[in-house]
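# Commentary on secondary and tertiary structure
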Amino acid sequence: MSQNGIFKAVCPLDCPDQCGLLLQKENGKIIKVEGDPNHPVTQGHICNKVRNMTDRINDEKRLKYPLRRTGRKGEGQFEQITWDEAIQTITARWKSLIQTDGPESILPYSFYGNMGNLSAEGMDRRFFHRIGASQLDRSICSSAGSAGYKYTMGGSFGIDPEDTIHSKLFIFWGINAVSTNMHQVAIAQKARKQNGAKIVVIDVHKNQTGRLADWFIPILPGTDSALALGIMHILFSENLVNEDFLQKYTVGYEELREHVRQYDPDTVSRITGVSPEDIYKLARMYGKTSPSFIRIGNGPQHHDNGGMFVRTVACLPALTGQWLVKGGGAIKGNGGYLSHNELRLQRPDLLKNKNTRVINMNLLGEALLTLDPPVKSLFVYGSNPAVVAPNGNKVREGLAREDLFTVVHDLFLTDTAKYADIILPATSSFENTDFYTSYWHHYIQLQQPVIESYYEAKSNVEVFQLLAEVMGFDEPVFKQSEAEMIAEALDHLKNPYLEGIDFAGLAEHHYLKAKVKPLFPGKLPTQSGKIELYSEKMKEDGHPPFPTYIPLQEDGAFDYSFVPAPNHNFLNSTFSNNQKHTTLEKEPRLHMNVRDAVKEGIEDGAKVRIWNHRGECILKVSIGENVLPGVLVTQGLWADQQGTRQLVNTLTPDRIADMGGGATFFSGRVNVEKV
Ligand SMILES: Nc1nc2c(c(=O)[nH]1)N[C@H]1C(S)=C(S)[C@@H](COP(=O)(O)OP(=O)(O)OC[C@H]3O[C@@H](n4cnc5c(=O)[nH]c(N)nc54)[C@H](O)[C@@H]3O)O[C@H]1N2
Ligand SMILES: Nc1nc2c(c(=O)[nH]1)N[C@H]1C(S)=C(S)[C@@H](COP(=O)(O)OP(=O)(O)OC[C@H]3O[C@@H](n4cnc5c(=O)[nH]c(N)nc54)[C@H](O)[C@@H]3O)O[C@H]1N2
Ligand code: SF4
Ligand SMILES: [Mo]
């Protein structure tokens, strides 16, 4: 490995932008992280979080060696052990559990702390399939929305974000894009400057994205489908629809016209808190501006009715025929275009028992406390459920079970790791080979090691290779190199867009664009091959077949809707343990409307207790007009600092959304009082 110099890299974080990076290395260490100016989409600009990533990679607090717990669970007392001891302890326990309780007593729990396909869903999947462990439904992030979008459009296919430079109207719908998709904002701002494009933001919180908008539309949580249906009502009644497109490329538009008559602006206004005038204005703006582009965010789909929200909004560009216009249409996620050969990478065929149980990751607490037969061992990697999972007190109670054998593989002693019996140190992505596929732009990127592994840290691939060896799994797939795994994953005849993209090409160019064609004219992978405004499949699955507004579920008799969203300087809970980032973020704030503050007798800056039947939090209040009355918003997944009680997920419901087994982080209710 060469010593000093500047090396190409890719941002490994769970962020749509998937920036190209340049790493400056000196004396074996990364001393600077910058954007790669040659990257076609991200063009040298990166966020502050990752600009400060050097502090994280070189942090003295990083885990250096395997550890064994010496104190009580959650306390954080550990002693150093060797890799040999660690792997022997884990495999001995698992071999015995498989004998006594069967392989389903073991549960992997992971998410996309590192988006590399080999790290997040490669060797690990092969290993747990081969063991026959309980399967995890990885539904914490966007699965409700993806399911809703799929009913309408057939899969995760939107437009090429590079084309949005032509758009004249950008609607950021429930996405805090300044923090979570900064390059889409950069394109929108460029379009605003070049051709007078307008930026509309629809959100429950006037955050930095709302402040940048030409028009910010505040809305009540969980009511967005009603707004979208109100827009449809006006588009039909004022003949702002594209009949030709509807006829050629959609199913059910005549019936939809009838169906949306009930969503008149007055009715919709009462549901959403948006005035009838604004509903008219928005619908007319949308109906008369072309190209128009909707960036569908993750926020509104983290509700009880989240799948239906995305399904509903996804119908809008069809009504106006925007999919035929360059820069017109929508993006929810673009993951479908870069799908690789998962069957070969993940080897589901290694799982012998096809009835192996599947556990929804949003129900982790429930699963650890009540499942029968019980989960007896948990292996956590690339995720920090003690902070990020809903109904956090239940999760921690489950993690604290004395008879649960927990292993955590991470770079840091996270809140979750404190509950582990064995901790394994993980490498950073810059220490490994992996390939990355954005769920927003159309580029595939390669990371090759830039620095040596940190002390005794090992990658996810290495850990599962080691475990497989000691478990006695002798299938050749457990011996493959990263390059071989990548070659297999990219060898995928089912996805024509990947044609010509291989390991050698990626090694030479670092990023390659998939040869994506526009969706229309064309055939979608829905049952009908068209955009399904009416969906027979939804009916079969027990959903209303037309886009519909379904109110949020009851959540106890509490006065406020509580929306704990991500913040600017962390990435989920990543960086919540890095000083640079916590200093930038200062502290979590609870945003409250001034009318509510008067009613509750709370002044700006006061500490308040918010609580419900699941838990409580103490936060500092920010009073103003950034949220509507009845709504409380806070940002950031702060790690548990002793005594601060800032763990927002103690309050969030673990109800499951209407589709895709999704999470409902933003559908909880709370009361508030001054402390
Ligand atoms: N800086 C930063 N970037 C990130 C992340 C991070 O933690 N920090 N996380 C990454 C991950 S994993 C994801 S999934 C994405 C998520 O990024 P986004 O797609 O932006 O989703 P959220 O941030 O969850 O929520 C977006 C917005 O939805 C709003 N919202 C909540 N409920 C409603 C509602 O009912 N209606 C409307 N209209 N708005 C609502 C929230 O106020 C918030 O502004 O970001 C990724 N990027
Ligand atoms: N209240 C509330 N809760 C939420 C959300 C919200 O908006 N509000 N958002 C939800 C969403 S959208 C998501 S996606 C989830 C995300 O939740 P998580 O996936 O748990 O994300 P992080 O908190 O970033 O934790 C990732 C962990 O992976 C570790 N890691 C990084 N790279 C590697 C690696 O190569 N190997 C291993 N073994 N570990 C690694 C990091 O150090 C970090 O501890 O949170 C969800 N929770
Ligand atoms: S977190 Fe997102 S914006 Fe920041 S560097 Fe990574 S990909 Fe780019
Ligand atoms: Mo996410």
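Residues numbered from 1 in each chain as written. Chains lettered and ligands numbered in written order. Predicted model: local features only at pLDDT ≥ 70, side-chain atom pairs only at ≥ 80, totals over all residues. Heavy atoms only, no water.

### A few points about the site of ligand 1
Selection criterion: Here a residue counts as near a molecule or strand whenever at least one of its heavy atoms sits within 4 Å of it. For this analysis, a polar contact is any N or O atom pair within 3.5 Å, provided that within protein one partner can donate a hydrogen and the other can accept it, and provided that sequence-adjacent residues contribute only side-chain to side-chain pairs. Method for areas: the Shrake-Rupley scheme with a 1.4 Å probe, in which residue coverage is limited to the protein chains shown. Only DSSP runs of H or I with at least four residues qualify as helices, and only runs of E with at least two residues qualify as strands; both kinds are numbered from the N terminus onward. Residue classes follow a fixed rule: Ala, Val, Leu, Ile, Met, Phe, Trp, Tyr, Cys and Pro count as nonpolar, while Asp, Glu, Lys and Arg count as charged, and any other residue, Gly among them, counts as polar. Where each domain begins and ends is defined by an automated method or by a domain database.
For ligand 1, the set of nearby residues contains 30 residues, the closest of which are T180, D203, D224, F570 and N572. Here N207 contributes a side-chain N or O atom positioned 2.9 Å from an oxygen atom of ligand 1. Between ligand 1 and H568 there is a distance of 3.1 Å, counted from a nitrogen atom to a backbone nitrogen or oxygen. Surface burial for ligand 1 is 95%, taken as the share of its 900 Å² of free accessible area covered by protein chains. Listed by contribution, the elements that provide at least two residues to the shell around ligand 1 are helix 7 (177–180) and strand 9 (198–203). Split into classes, the residues belonging to the shell around ligand 1 amount to twelve nonpolar, 14 polar and four charged. A domain-level breakdown of the shell around ligand 1 finds at least three residues from each of domain 3 (144–335 + 519–540) and domain 4 (560–674).

### Focus: the packing of aromatic side chains
Formally: Think of it this way: a Phe, Tyr or Trp ring, Trp meaning its six-membered ring, pairs with another when their centres are within 6.5 Å, and the plane angle makes it stacked under 30 degrees, edge-to-face over 60, tilted otherwise. Buried, partly exposed and exposed residues are distinguished by accessible area as a fraction of the type maximum, computed with a 1.4 Å probe on protein chains only: under 20%, between the cut-offs, and over 50%, respectively.
Per the counting criterion, the structure on display carries 27 aromatic pairs. Arranged with centres 6.0 Å apart and planes meeting at 35°, the rings of W94 and F127 form a pair that is tilted. Of the two residues, W94 sits in helix 3 (residues 83–101) while F127 sits in helix 5 (residues 123–131), which places them 33 residues apart along the sequence. When sorted by exposure, W94 lands in the same class as F127, which is buried. Ring geometry for F379 and Y381: centres 5.8 Å apart, planes at 65°, overall edge-to-face. Look at F379 and you get buried, because its relative accessible area is 0%. Since its relative accessible area comes to 1%, Y381 is described here as buried.

### Describing the site of ligand 3
Counted only if it meets this: The distinction between a cavity and a pocket rests on a 1 Å grid over the protein atoms alone: a 1.4 Å probe fits inside a cavity but cannot get out, while a pocket stays open yet meets protein on both sides within 12 Å along at least five of seven lines, and a residue with an atom within 4 Å of a point counts as lining. Just a note on the criterion: a molecule sits in a pocket or cavity if more than half of its atoms are within 2 Å of the grid points.
Taken together, the neighbourhood of ligand 3 is formed by C11, C15, D17, Q18, C19, I46, C47, K49, V50 and M182. Of all the cavities here, the one that holds ligand 3 is the largest cavity. By residue class, the composition of the shell around ligand 3 is seven nonpolar, one polar and two charged.

### Structural notes on the environment of I656
On the secondary structure map, I656 appears in the loop between strand 26 (631–635) and strand 27 (668–674). Relative accessible area serves as the criterion here: at 31%, I656 is assigned to the partly exposed category. For the pair I656 and M115, spaced 541 residues apart in the sequence, the C-alpha separation amounts to 24 Å.

### Overview of the sheet that holds strand 25 (residues 616–624)
Convention followed: Strands were regarded as paired on the criterion that DSSP finds at least two bridges between them. All axes are obtained by fitting lines to C-alpha atoms, using only the stretch in contact for helices, and the reported angles, taken between N-to-C directions, cover 0 to 180 degrees.
Reading around the barrel, the six strands line up as 22-26-23-25-24-27 and close back on themselves, with mixed pairing between neighbours. Direction aside, neighbouring strands of the sheet carry axes that sit 45° apart on average. Pairing of strand 23 (residues 589–593) with strand 25 involves five bridges; the strand directions are parallel. Bridge assignment links R589 to a residue of strand 25, and that residue is K620.

### Here we look at empty space enclosed by the protein
For the record, the criterion: Grid points are joined across faces, edges and corners, and a volume is the space filled by probe spheres set on the points.
The full count for this structure, using the stated rule, is two cavities of 30 Å³ or more. Space inside the largest cavity adds up to approximately 120 Å³. At the level of elements, helix 1 (48–51), helix 7 and helix 8 (182–195) are the ones that each hand at least two residues to the lining of the largest cavity. Partitioning the lining of the largest cavity into residue classes produces nine nonpolar, five polar and two charged. Counting the residues that make up the lining of the largest cavity, at least three belong to each of domain 1 (5–57) and domain 3 (144–335 + 519–540). As for the second largest cavity, its lining consists of K8, A9, V10, D36, Q445, L446, H510 and Y511.

### What about the domain arrangement of the protein chain?
Under the domain assignment used here, the protein chain contains domain 1 (5–57), domain 2 (67–133 + 344–425 + 454–493), domain 3 (144–335 + 519–540) and domain 4 (560–674). In this structure, domain 2 and domain 3 have C-alpha centres spaced 39 Å apart.

### Overview of the nonpolar core
Operational definition: Side-chain atoms within 4.5 Å link the members of a nonpolar core, which is a set of buried Ala, Val, Leu, Ile, Met, Phe, Trp, Tyr and Cys residues.
Judged by nonpolar contacts, the single largest core of 185 residues is most densely connected at W94, F127, W173, L316, W323, F379 and I610. Top element by residues in this core is helix 10 (residues 224–237). It accounts for nine residues. Counting 21 residues, the second largest nonpolar core, distinct from the first, contains L13, C19, V50 and W638.

### Quick look at the UniProt feature "domain: 4Fe-4S Mo/W bis-MGD-type" (unreviewed entry) in the protein chain
What counts is decided by this rule: UniProt positions are given in the numbering used here, feature names are shortened, and annotations may be inferred rather than shown by experiment.
With numbering matched to this structure, UniProt assigns "domain: 4Fe-4S Mo/W bis-MGD-type" (unreviewed entry) to residues 4–61. The span residues 4–61 shows a helical share of 16% and a strand share of 34%, and its end C-alpha atoms are spaced 24 Å apart.

### With respect to the sheet that holds strand 15 (residues 377–381)
Spatial strand order, 5-4-17-16-15-6: six strands in an open sheet with mixed pairing. Only two strands of the sheet have a single neighbouring strand rather than two, namely strand 5 (78–80) and strand 6 (106–110). Taken pair by pair, the neighbouring strands of this sheet meet at an average axis angle of 20°, ignoring direction.

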